Amino acid sequence: MKNLQTLNLLPILALANLFAQISGSVSLRPVLTGPDKAYLRSRVVFRCITPDSSPPVTYELIKDGGLLIDRRVDHQEDQPASFPLTVATTSDGSYYCKAKTGEATGISNSIRLIVVSPASFTSVTSEPFPPVTFEGSRIVLSCEVIKGSHLSYTWFFNRKEVTSSTSSLLHATGNKLVMEKVTPRHAGYYYCMAWSSVQDIRRFSSSTEVKVEVKVHVSTPRISFYIFKEGDSYYGNVTCWSSRGTPPVNFSLSVDDREVESVTATESLAAWFLVAIVPGLDMGEARCRVKNEVQELMSEPVTLEVVPVGGDVKVEVEHLYTADSKLAAARLSCQISKGTFPYVSWLLNDTALPPETHVDSHIQPVLSHYAFANRRRTLILAKLGPEESGYYRCRARDSYDDSGAWVESVAILVRVTDRILKSMPQATSSTETPPKAFMVTIEIISIVFCCFLLLTLAVAVACVYKMSDHKQAHAHIATTNPTSDTLLLSALTSQSGGRQANTSSTDSDVHHQTTEIIG
């Protein structure tokens, strides 16, 4: 009987033991702590602890896939188990901790460990390569590393960091720096920095600088020439140039569509060519061509013809006034009817004015009160007084022949006295009519014209009135019946004064014709 009772209690004891094991297993709740990111070949520590557990507790650090990393036994209550680990490339993955005490077990939370490889051997590549292109094109720079993972990138332009707020010309995305429609402002030095950060520890690698060149499109070339004498021969120095562009560029000269010479300008945007010239002859039509990798442009044509100085030469005088209508200066212009390259000389009272140091300058002062302009063709008298009064004339010869003959103008008298300067609001000289007198003349002409117009209207009205009165008299005579005495008197009068009547009739006819013309 006793054995039967024991057998009956065995299932109860087994169930109780199972419930005890389940209860103990559920009560173990280990907690795993450790890094989620670590540098390659660094040392990290995972720690696992089971609160309110009775020692000894066995801890196991397990990697995803069930790989056992390490095992520790804690003999002290509420003490964590430490698992030091040297990070390798295979360390990347998820980790969890398993705790055991007696018959109870527990599984901790999971931690994903990311292995970060620092950047090394950083360099900049470009598209196109090398990074040289013309304005308006596209350039993409890439920051490349041989080793490294989980990287961020920072770009520098002329050693200043590129950010969205500091540069609207550059667009950084990932490891690339994009420049759309580049301009000369994009030209400069670029480098990048690849970096990573783990727990506020930053490791970086910088590239060397790369020079970006942006070439400017060359402008349409221009052409000019001047002539010089060497021995008994004359030569033209033809200049071809562009106002903008990036050298090197190739210039060539063509005369009558036949290429004469070609030269590559490496440091400037100009080239010079020598051609034979015969003064007085048309040597052909010259044009310049400029070429680079993407362009080929032609200049406007210029005729290689040098006309010797000749014909008439005269001086024109223009007075210059201030805002308050006071005479300030005089401008004398030398008008030359013929000549491609004239050299002009000015004389005052048959004495040459001081020569100009630089003939090609736009404006060259000579003295404090004289100035040349327009290649000496214009003489400006900045001061007007008795000292500047006198006879001015200009003369011209070919600038390329120092022994050439001069062609002279007639002398023009420019005279301004102290009395004129003080007495007149607008000082005048003998070469110009003062504006005030000109205005008075216009006023007088206007008054005379108005009076003549009024007189003509008055005469016309009088003629019209007289013609109307004469017609009324004729009508009155025609409607009256004549008597015999009247007829006799008329006949006698007609006989005795026939000549007078004929004359009166003629006068009447002329008077009517004139009236019609006036009307």
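Scroll up to find the structure this text is about.
Cut-off values and rules
Residues numbered from 1 in each chain as written. Predicted model: local features only at pLDDT ≥ 70, side-chain atom pairs only at ≥ 80, totals over all residues. Heavy atoms only, no water. Helix = DSSP H or I, 4+ residues; strand = E, 2+ residues; numbered from the N terminus. Buried < 20%, exposed > 50% of the residue type's maximum accessible area, 1.4 Å probe, protein only. Contact = heavy atoms within 4.5 Å. Areas by Shrake-Rupley, 256 points an atom, 1.4 Å probe, with all protein chains shown as cover. Pairing = 2+ DSSP bridges. Disulfide = S-S within 2.5 Å. Phe/Tyr/Trp six-rings, centres within 6.5 Å; stacked < 30°, edge-to-face > 60°. Patch = residues over 30% accessible without salt bridge, like charges linked within 9 Å, V, L, I, M, F, W, Y side chains within 5 Å. Salt bridge = Lys/Arg side-chain N within 4 Å of Asp/Glu carboxyl O.

1. Quick word on the overall build of the protein chain
And step 1. When you go through the protein chain residue by residue, the secondary structure sums to five helices and 36 strands.
And step 2. Residue burial in the protein chain is summarised as follows: out of 519 residues, 35% are buried.
And step 3. Considering only contacts in the protein chain between residues 6 or more positions apart, those separated by 24 or more positions represent 58%.
And step 4. Per element, the accessible surface of the protein chain, about 32200 Å² overall, is 55% carbon and sulfur.

2. What to know about the pairing of strand S20 (residues 233-241)
Residues in a regular strand point their side chains to alternate faces of the sheet.
And step 1. In this structure, strand S19 (residues 222-230) lies alongside S20, joined through nine bridges in antiparallel fashion. Bridge assignment links Ile227 to a residue of S20, and that residue is Gly236.
And step 2. Where S19 folds back on S20, the antiparallel hairpin that results is connected by two residues, among which Gly231 adopts a positive phi of roughly 70°.
And step 3. Where S20 meets strand S23 (residues 270-277), eight bridges bridge the pair, whose relative direction is antiparallel. Following the sheet pairing, Val238 is matched in S23 by Phe273.

3. Re the state of the cysteines
And step 1. Applying the stated criterion to the full structure yields four disulfides.
And step 2. With a sulfur-sulfur separation of 2.0 Å, Cys143 is cross-linked through a disulfide to Cys192. Disulfide Cys143-Cys192: the torsion about the S-S bond is 75°, which places it as right-handed. Highlighted residues: Cys143 in strand S11 (residues 139-144) and Cys192 in strand S16 (residues 188-198), separated in sequence by 49 residues. An identical accessibility class is assigned to Cys143 and Cys192; each is buried.
And step 3. Bridging Cys334 to Cys394, the disulfide has an S-S length of 2.0 Å. In this structure, the disulfide formed by Cys334 and Cys394 twists by about 75° around the S-S bond and is classed as right-handed. Of this pair, Cys334 sits in strand S28 (residues 327-338) while Cys394 is found in strand S34 (residues 390-398), placing the two residues 60 residues apart along the sequence.

4. Quick word on the packing of aromatic side chains
And step 1. For the structure on display, the rule yields eight aromatic pairs.
And step 2. On the basis of an interplanar angle of 55° and a centroid distance of 6.3 Å, the ring pair of Tyr343 and Trp406 is categorised as tilted. A residue pair is termed long-range when its members are at least 10 positions apart, and Tyr343 in strand S29 (residues 342-348) and Trp406 in the loop between S34 and strand S35 (407-408) qualify at 63 residues.
And step 3. Here Tyr343 falls in the buried class, since its relative accessible area comes to 18%.
And step 4. With a relative accessible area of 31%, Trp406 lands in the partly exposed category.
And step 5. An aromatic cluster is built from Tyr226, Phe228 and Tyr235, whose rings are joined through pairwise contacts.

5. Topic: a nonpolar patch on the surface
And step 1. Together, Phe449, Leu453, Leu454 and Leu457 give the surface a local cluster of nonpolar side chains, amounting to about 430 Å² of exposed area.
And step 2. Here Leu457 shows up in helix H3 (residues 435-478).

6. Quick word on unusual backbone geometry
And step 1. That bond from Phe129 to Pro130 is cis: its omega, -5°, falls within 30 degrees of zero.
And step 2. Here the residue pair Pro247 and Pro248 is connected by a cis peptide bond, since its omega of 5° sits within 30 degrees of zero.
And step 3. Residue position: Pro248 is located in the loop between S20 and strand S21 (249-255).
And step 4. In this model, Asp200 sits at a positive phi of 65°, which is unusual for a non-glycine residue.
And step 5. For Asp200, a relative accessible area of 80% corresponds to the exposed category.

7. Considering the pattern of salt bridges
Pairing between side chains of opposite charge can happen when the charged atoms of each approach one another.
And step 1. Applying the stated criterion across every chain, the model contains 15 salt bridges.
And step 2. Ionic pairing is found between Arg289 and Glu296, a salt bridge with its closest N-O pair at 3.1 Å.
And step 3. The salt bridge partner of Asp402 is Arg397, with a shortest N-O separation of 3.6 Å.
And step 4. Taking relative accessible area as the criterion, Arg397 reaches 10% and is therefore assigned buried.
And step 5. Here the salt bridges do not stand alone but share partners, grouping Asp350, Arg393 and Glu408 into one network.

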